[in-house]
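So the chains spell out like this:
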Amino acid sequence: MDAVQSAKSGHPGLPMGAADIATVLFTKFLKFDPKNPDWPDRDRFILSAGHGSMLLYSCLHLLGYEDMTIDELRNFRQSGARTAGHPEFGHATGIETTTGPLGQGLANGVGMAIAERLMSARYGSDIADHHCYVLASDGDLMEGISHEAISIAGHLKLAKLIVLFDDNGISIDGALDLAESGDQLERFEAAGWSVTRIDGHDHEAIAAAIANAKQTDQPSLIACRTVIGYGAPNKQGTSGAHGAPLGDDEIAAARTELGWEHEPFEIPSDVRDAWRISGLRSSQARKSWESRLGELDAETRAELDRCLRGDLPSDFAAALDRYKAELAKEQPALATRNASQNTLDVINAIVPETIGGSADLTGSNNTRSKDMVAVTPDDFSGRFIHYGVREHGMAAAMNGIALHGGFIPYSGTFLVFSDYCRPAIRLAALMKLRVIHVMTHDSIGLGEDGPTHQPVEHLASLRAIPNVNVFRPADAVETAECWQLALEARETPSVLALTRQKLPAVRTEHEEENRCARGAYELRSSTEDAVVSLFASGSEVEIAVAAKAMLDEAGMPARIVSVPSFELFGQQSSQYQTETIGSAPVRIAIEAAISMGWERFIGSDGIFVGMTGFGASAPYQELYEHFGITAEAVVEAARTRLSDTA
């Protein structure tokens with residue numbers, strides 16, 4: 001109450017209504033150690049209802065997390081404080097994920113529970129044996145992602161996932177029945193969950209329900225019937241306690257109602273001591289775990305430590321370079337989705353922590369490398385997850401896997417369906433997570449499936465998200481380089497936009513340098529002073545190569561710059577950028593997508609050859625002709641511009 005009032009904004013209702021749930025969970029069940037907050041075998045707690053952030057911050061302070069001081073609570077929602085309006089991963093220890101967009105935390109929990117099963121299958125239950133608890137609101141369960149998440153969890157029998165549902169029957173607009181009449185328990189039960197409903201203010205009932213949930217072989221939903229704003233005599237049980245400060249008069253009345261006689265941010269020593277003792281109760285369990293860790297053989301221990309640190313194997317870069325040399329020699333004509341699968345055959349053989357997957361498009365996305373075994377509900381020794389047609393749930397679960405630690409998740413869908421993944425991708429960027437999205441069928445080049453499946457605005461949309469690397473490789477060598485960059489980007493999610501159609505090799509000489517790391521580089525130079533600079537990504541580099549030959553033949557010397565990543569190019573020095581863009585009087589960008597973003601290469605007066613609207617259903621060769629994305633169109637545009645400026 002006091003922190004929200006001091007900030008003049010926030011959500012007091014959930015922290016007050018769910019305080020009993022949190023008290024029982026943190027003091028009696030949750031396995032953690034504030035003195036070693038990153039202990040890998042700790043239980044995870046996710047406040048999916050992130051608007052109730054003061055509940056989490058208060059518990060972390062009371063339990064003795066050193067960076068959650070009383071001054072941080074006083075500075076709730078203020079500039080520079082660890083106590084942001086919604087919990088943000090990395091701001092303070094004990095915050096396991098960033099929540100606020102409802103439903104995301106629930107789906108992150110699914111990913112964390114998957115990661116626990118994967119780690120236990122690899123290293124044994126002596127090393128990985130922990131639960132993930134999620135406190136979710138009505139809003140979390142109304143969001144569509146909740147359906148995808150609970151369906152995945154039920155199918156995979158994630159028994160160590162326990163969701164505590166703050167079942168208070170109130171939304172911001174008012175009573176929940178304004179917009180909801182479903183039965184959440186029946187919904188979860190139908191998805192394969194163990195379910196129960198209790199009084200969320202009865203400590204014994206809460207404890208019994210959690211204890212029972214830990215014994216089941218299914219994920220568990222505990223619907224805790226609570227009163228939002230519990231203790232505020234005039235606003236409890238109403239939307240008035242949900243999303244705004246209670247006001248000085250109501251806070252004073254609540255203090256009287258609850259028998260709390262202390263000043264704001266004053267915590268009696270006996271209360272603080274009781275909580276701090278609770279915070280230390282798992283220290284022996286942590287020490288016992290460290291002893292078991294020490295009993296592992298040296299090779300297994302070293303491998304586990306490496307994966308938990310997030311380091312790639314020492315021979316990773318050399319293996320990729322050897323593979324690039326093979327590609328330069330063989331010069332295969334491949335769709336980049338197939339080139340990606342071939343690269344994964346190399347990567348997954350030497351990077352055992354990669355966890356692949358697909359949203360029911362495995363054969364199209366080519367994300368399952370040879371010898372990769374699928375995870376099943378009864379066997380988590382595999383490395384490939386069939387997520388089903390659940391792109392949003394998949395993307396958020398990948399975030400949870402990455403947050404858990406020890407694994408590098410990647411998965412696949414069509415680029416057009418990045419719209420379904422976007423909220424989770426944005427949060428991955430905000431949290432600086434290494435997750436990799438393989439998004440194939442990246443343009444009108446997919447052909448006959450038509451405009452519903454042909455992305456045109458999606459590259460620009462993804463490039464607009466801060467801290468996301470969008471890669472669009474032009475051939476097999478660039479695909480391998482982009483995979484290397486994605487795996488080496490420890491604090492940045494990546495999207496690989498890959499083709500359905502075959503592309504010729506354009507990198508035909510082996511170079512140890514990862515040229516894609518520059519974001520853009522000169523692929524073909526001109527023997528004379530170039531009058532035309534061609535900039536292209538992905539499948540359109542092939543068109544640029546053909547156009548250059550025609551331009552050179554016609555006496556219009558041209559150069560080509562391959563642009564696999566806008567983001568990495570933007571990180572280069574201004575000198576490099578200027579040199580790469582060059583001084584040719586005519587600049588032309590070629591991409592089978594909308595032009596947004598290409599201005600940085602061609603300027604406001606440059607020429608763009610690409611899409612201005614939606615695609616159509618036809619063989620892809622005909623579509624490129626129909627929309628004028630051809631070498632001939634590039635040459636004609638250059639000729640016209642040069643004649644106009646002569």
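Residues numbered from 1 in each chain as written. Predicted model: local features only at pLDDT ≥ 70, side-chain atom pairs only at ≥ 80, totals over all residues. Heavy atoms only, no water.

In terms of regular secondary structure, the protein is built from 27 helices and 20 strands. Against the compact-globule benchmark of 26 Å for 646 residues, the protein has a radius of gyration of 27 Å, which places it among compact chains. Taking the principal axes of its C-alpha atoms as reference, the protein extends roughly 90 × 55 × 45 Å. Within the protein, the proportion of its 646 residues that are buried is 58%. By element, 47% of the accessible surface of the protein is carried by carbon and sulfur atoms, the whole surface being about 24800 Å². Taking the 55 positively charged and 89 negatively charged side chains of the protein as two groups, their mean positions are separated by 4 Å. (Helix = DSSP H or I, 4+ residues; strand = E, 2+ residues; numbered from the N terminus. Rg over C-alpha atoms; globule rule 2.2 N^0.38 Å. Buried < 20%, exposed > 50% of the residue type's maximum accessible area, 1.4 Å probe, protein only. Areas by Shrake-Rupley, 256 points an atom, 1.4 Å probe, with all protein chains shown as cover. Lys, Arg positive; Asp, Glu negative; His and termini not counted. Charge placed at Lys NZ, Arg CZ, Asp CG, Glu CD.)

Here we come to the packing of aromatic side chains. If you walk through the whole model with that rule in mind, you get 15 aromatic pairs. The interplanar angle of 55° and the centroid separation of 5.4 Å between the aromatic rings of F566 and F601 together place this pair among those described as tilted. Here the residue F566 occupies a position in helix 23 (residues 566-570), and F601 occupies one in helix 25 (residues 599-602), the gap between them amounting to 35 residues. Each member of the pair F566 and F601 is classed as buried. (Phe/Tyr/Trp six-rings, centres within 6.5 Å; stacked < 30°, edge-to-face > 60°.)

On the basis of which strands lie adjacent, the open sheet formed by 5 strands has the order 1-2-3-7-6 and parallel pairing. Where the open sheet ends on each side, the last strands, each with one partner, are strand 1 (44-47) and strand 6 (194-199). Looking at each pair of strands side by side, their axes are set apart by 15° on average, direction ignored. Its contacts with the sheet place helix 3 (residues 19-29) against strand 1, strand 2 (132-136), strand 3 (161-167) and strand 7 (220-225), and it is angled at close to 170° to strand 2. (Pairing = 2+ DSSP bridges. Axes fitted to C-alpha atoms, helices over the stretch in contact; angles between N-to-C directions. Contact = heavy atoms within 4.5 Å.)

Attention now goes to the pattern of salt bridges. If you walk through the whole model with that rule in mind, you get 31 salt bridges. The residue R306 makes a salt bridge to E353 at a minimum N-O spacing of 2.8 Å. Of this pair, R306 sits in helix 14 (residues 298-309) while E353 sits in the loop between helix 16 (336-350) and strand 9 (354-358), and the two are 47 residues apart along the sequence. The exposure classification of R306 matches that of E353, with both residues buried. E591 serves as the salt-bridge partner of R472, at 3.9 Å between the closest nitrogen and oxygen. Remark: E591 occurs in strand 19 (residues 586-591) and R472 occurs in the loop between strand 13 (469-471) and helix 21 (476-488); sequence separation between them is 119 residues. Through salt bridges with shared partners, a single ionic network connects K324, E481, R507, E511 and R515. (Salt bridge = Lys/Arg side-chain N within 4 Å of Asp/Glu carboxyl O.)

This next bit is on the pairing of strand 7. Burial analysis of strand 7 places 5 of its 6 residues in the buried class, the great majority of the element. Both strand 3 and strand 7 contribute to a ladder of 6 bridges, which runs parallel. Within the sheet, the bridge partner assigned to I162 lies in strand 7 and is S220. Bridge analysis of strand 6 against strand 7 gives 6 bridges, and the strand direction is parallel.

Here we take up unusual backbone geometry. Unlike most non-glycine residues, K8 shows phi in positive territory, near 65°. On the secondary structure map, K8 appears in the loop between helix 1 (2-7) and helix 2 (13-17). With a phi angle near 55°, H441 is a residue other than glycine that sits in the positive phi range. Structurally, H441 can be placed in the loop between strand 12 (436-440) and helix 20 (458-463). We classify H441 as buried; its relative accessible area is 4%.

Turning to the layout of surface pockets, a few remarks are in order. Within this model, the largest pocket holds a volume of roughly 1100 Å³. Lining the largest pocket are 31 residues, and of these M1, A19, S58, L62 and W260 sit closest to its centre. Those elements that provide at least two residues to the lining of the largest pocket are helix 1, helix 2, helix 3, helix 4 (53-63), helix 5 (70-74), helix 11 (248-258) and helix 12 (269-279). Sorting elements by how many residues they give to the lining of the largest pocket places helix 4 first, with 6 residues. Taken together, the residues of the lining of the largest pocket break down into 22 nonpolar, 4 polar and 5 charged. As a volume, the second largest pocket reaches approximately 820 Å³. Elements represented by at least two residues in the lining of the second largest pocket include exactly helix 14 and helix 18 (391-404). (1 Å grid on protein atoms, 1.4 Å probe; cavity = no way out; pocket = protein on both sides within 12 Å on 5 of 7 lines; lining within 4 Å. Points joined across faces, edges and corners; volume = space filled by probe spheres on them. Nonpolar A, V, L, I, M, F, W, Y, C, P; charged D, E, K, R; others polar.)

Before going further, it helps to examine the packing of helix 18 against helix 19 (residues 418-431). Here helix 18 crosses helix 19 at 20°, and the two axes come no closer than 6 Å. Between helix 18 and helix 19, the angle falls in the class roughly parallel. Our pair here, helix 18 against helix 19, has a crossing hand that is right-handed. Contact residues: E391, H392, A395, A396, N399 and L403 in helix 18; Y420, C421, P423, A424, L427, A428 and M431 in helix 19. (Parallel < 35°, antiparallel > 145°, perpendicular 65-115°, else oblique. Left-handed = near helix turned anticlockwise from the far one by under 90°.)

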